Amino acid sequence: MDRSRELQQLLLTPKNVVIITHFKPDADALGSSLGLAGFLKVKGHKVTTITPSDYPSFLSWMPGNEEVLALSGDSAEPAKKAKEAIAKADILFCLDFSTPKRVEELEESVRNTGAVKVLIDHHLEPEKFATFEQWTTKSASTAQLVFELIEEWNETHLINPDVANCLYAGLMTDTGNFRHNNTTEREFVAAARLTSLGANPSEVARQIYDTNSLERLRLTGYVLNEKLRVLPEFRTAYIVLSQDELKRFNSKTGDTEGLVNYGLSVNNVVLAVLMYERKSEIKLSFRSLGEFSVNDLARKHFAGGGHRNAAGGTFHGTLDEALSRFLELLPSYQQQLINT
Ligand code: 5GP
Ligand code: MN
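Values in this document were obtained by computation on a predicted structure and should not be read as measured data. (Residues numbered from 1 in each chain as written. Chains lettered and ligands numbered in written order. Predicted model: local features only at pLDDT ≥ 70, side-chain atom pairs only at ≥ 80, totals over all residues. Heavy atoms only, no water.)

**A word on the overall build of the protein chain**
To be explicit about the condition: Helix and strand assignments follow DSSP, with helices taken as H or I runs no shorter than four residues and strands as E runs no shorter than two, numbered in order from the N terminus. It is over C-alpha atoms that the radius of gyration is taken, and the globule rule equals 2.2 Å times the number of residues to the power 0.38. In this scheme, a residue with accessible area under 20% of its type's maximum is buried, one over 50% is exposed, and one in between is partly exposed, where area comes from a 1.4 Å probe on protein chains only. Here, two residues are considered to be in contact whenever any of their heavy atoms come within 4.5 Å of each other. All accessibility values rest on the Shrake-Rupley procedure with a 1.4 Å probe; residue burial counts only the protein chains present in the view. By the counting rule applied here, Lys and Arg register as positive and Asp and Glu as negative, while His and the ends of each chain are not counted. Each charge is placed at NZ for Lys, CZ for Arg, CG for Asp and CD for Glu.
Helix and strand counts for the protein chain come out as 13 helices and 12 strands. What you see for the protein chain is a C-alpha radius of gyration of 20 Å, in line with the 20 Å of a compact globule of 340 residues. With the C-alpha coordinates aligned to their principal axes, the bounding extent of the protein chain is approximately 60 × 45 × 40 Å. By residue count, 53% of the 340 residues in the protein chain fall in the buried class. The contacts in the protein chain between residues at least 6 apart in sequence include a share of 65% that link residues at least 24 apart. With the model as given, the accessible surface of the protein chain reaches about 15,300 Å², and the carbon-plus-sulfur share is 49%. Counting 37 positive and 44 negative side-chain charges, the protein chain places the centres of these two groups 1 Å from one another.

**Notes on the site of ligand 1**
As a reminder of what qualifies: Being near a molecule or strand, for a residue, means having at least one of its heavy atoms within 4 Å of it. The definition of a polar contact used here is a pair of N or O atoms within 3.5 Å, where within protein one atom must be able to donate a hydrogen and the other to accept one, and adjacent residues in sequence count solely through side-chain atom pairs. Gly is placed with the polar residues, together with every amino acid not listed as nonpolar (Ala, Val, Leu, Ile, Met, Phe, Trp, Tyr, Cys and Pro) or charged (Asp, Glu, Lys and Arg). Throughout, the edges of the domains are those of an automatic or database domain assignment.
As a structural note, the neighbourhood of ligand 1 is formed by 14 residues, with R102, H123, K283, S285 and R287 the closest of them. Within the side chain of R102, a nitrogen or oxygen atom sits 2.9 Å from an oxygen atom of ligand 1. At a separation of 3.1 Å, a nitrogen atom of ligand 1 approaches a polar backbone atom of G305. Surface burial for ligand 1 is 82%, taken as the share of its 490 Å² of free accessible area covered by protein chains. Only β10 (282-288), β11 (305-306) and β12 (310-315) provide two or more residues apiece to the shell around ligand 1. Across the shell around ligand 1, the residue classes break down as two nonpolar, nine polar and three charged. Lining the shell around ligand 1 are residues from two domains, each supplying at least three of them: domain 1 (4-209) and domain 2 (214-339).

**Here's the deal with the nonpolar core**
Condition: Each nonpolar core is a collection of buried residues, namely Ala, Val, Leu, Ile, Met, Phe, Trp, Tyr and Cys, held together in the definition by side-chain atoms within 4.5 Å.
I19, L40, M62, F93 and I208 are the most contacted members of the largest nonpolar core, which has 47 residues in total. Of all the secondary-structure elements, those providing two or more residues to this core are β1 (16-21), α2 (27-42), β4 (91-95), β5 (116-121), α5 (142-152), α6 (161-174), α7 (185-196) and α8 (201-209). In this structure, F234, V240, V273 and L319 belong to the second largest nonpolar core, which totals 26 residues.

**Considering the sheet that holds β12**
In plain terms, the rule: For two strands to be treated as a pair, DSSP must find no fewer than two bridges joining them. With axes taken as lines fitted to C-alpha atoms, and helix axes fitted only over the stretch in contact, angles between N-to-C directions fall between 0 and 180 degrees.
Within the open sheet, the six strands sit side by side as β7-β8-β9-β10-β12-β11. Their pairing is mixed. The outermost strands of the open sheet, each flanked by one partner alone, are β7 (228-231) and β11. Pairing between strand β8 (residues 236-241) and strand β9 (residues 271-277): six bridges, direction parallel. Its bridge partner being in β9, T236 is matched across the sheet by L271. Across the sheet, helix α9 (residues 214-227) is in contact with β7 and β8; its angle to β8 comes to roughly 125 degrees. Where helix α13 (residues 319-339) meets the sheet, its contacts fall on β7, β8, β9, β10 and β12, and the angle it forms with β9 comes to roughly 170 degrees.

**Here's the deal with the coordination of the manganese ion (ligand 2)**
Defined as follows: Only nitrogen, oxygen and sulfur atoms count as donors, using a 2.8 Å cut-off from the metal that widens to 3.2 Å for Na, K and Ca. Water is left out, so coordination shells may look unfilled.
Donor atoms from the polypeptide that bind the manganese ion (ligand 2) are D28 (OD), D96 (OD), H122 (NE2) and D174 (OD), placed at 2.2 to 2.4 Å. Ordering the donors of the manganese ion (ligand 2) by residue number gives the pattern D-x67-D-x25-H-x51-D. Remark: D174 occurs in helix α6 and D96 occurs in the loop between β4 and α4 (107-112); sequence separation between them is 78 residues.

**Looking at the sheet that holds strand β3 (residues 69-70)**
In a beta sheet, neighbouring strands pair by backbone hydrogen bonds and run either parallel or antiparallel. Here we have six strands laid out as an open sheet, ordered β3-β2-β1-β4-β5-β6, and parallel in their pairing. The outermost strands of the open sheet, each flanked by one partner alone, are β3 and β6 (132-135). Relative to β6, β5 is paired through four bridges, and the arrangement is parallel. The residue bridging D121 from the neighbouring strand is W135, located in β6. Sheet strands touched by helix α1 (residues 3-10): β4, β5 and β6. Its angle to β6, the strand with the most contacts, is close to 120 degrees.

**Quick look at the pairing of strand β2 (residues 46-51)**
With respect to burial, β2 is a largely interior element, five of its six residues being buried. As paired elements, β1 and β2 share five bridges and run parallel to each other. What sits directly across from V18, in β2, is T48. In this structure, β2 lies alongside β3, joined through two bridges in parallel fashion. Bridging across to β3, T51 finds its partner in A70.

**A few points about the state of the cysteines**
Inclusion rule: Disulfide assignment relies on a single distance test, namely cysteine sulfur atoms paired within 2.5 Å.
This structure, assessed with the given rule, holds zero disulfides. Unpaired in this structure, C94 has its nearest cysteine sulfur neighbour in C166, at a distance of 19 Å. In this structure C94 comes out as buried when scored by relative accessible area, which is 0%.

As structure tokens, then:
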């Protein structure tokens, strides 16, 4: 029997399921998780969805959001509950991440649980830690992999509009609204099928893109006006934001999402980076065009990874040091950047 059928068999009787996704989840991470959660609930399973951190308010419309066990703020209670749930689970679904490091303080719980682990993911170079793997970099989003698994099981009739909207959100955002080079016929087919199952494309787009706070828009204006730098000789754009600047615009989780894409939208730029201060580290977001792999760059120099053209990482040190580290690297990549 093939592996996905084995998993289907395992789900024939009610199970205690936990779904976990990565730290600071984006729309694909949360959408694939809540879409899968909704589907498994329809099938009669008990499902707990865990996020290792808070997430942007533009994702809180997702059906099931109110039940998410999110580790945020200073309370130790959610982490304790999450660890207990992971330890007691029959099946643990790990969605939209390729190494348990990405669940931060829950890493050991994920590694040590006796639950059957199921990885559903599309990031490069996954670590072997799961019993079942639905993994391919050919898929633009994890949400699509969830949908295709349900299709393979001939169970799409169990997808209700709430589930369809969550999955559609992941598909829409991880393709950059069907613009990135990961957009193929396969993505449009999945989008069309989800729409026929009740997803509402304009409403999902409105909830995600047209619910900005004025402060977030002002931050974008400030970044474009004063913080975006371009180095034509390296075909590179960068944006650096300090805690003070983020505070000035009352910045919330998710407010910096998408800023890096403005760098990449400058004519002739093929590499863009956004770096900003988090509580105890510097977070970096990379985007590239063509053959230039920001997955390699992030993995080698910033303890991160992702996809060839979209990746992230972290740096321990000051913002100035992070910028210097990045700028020092550029000459060694200059030929690659010019030839991309
Ligand atoms: P973003 O720049 O939007 O945060 O992330 C871009 C891509 O890189 C996403 O697929 C995300 O999951 C991945 N990514 C972001 N940060 C990290 C990180 O610190 N480590 C790894 N391995 N992947 C990351
Ligand atoms: Mn994804």
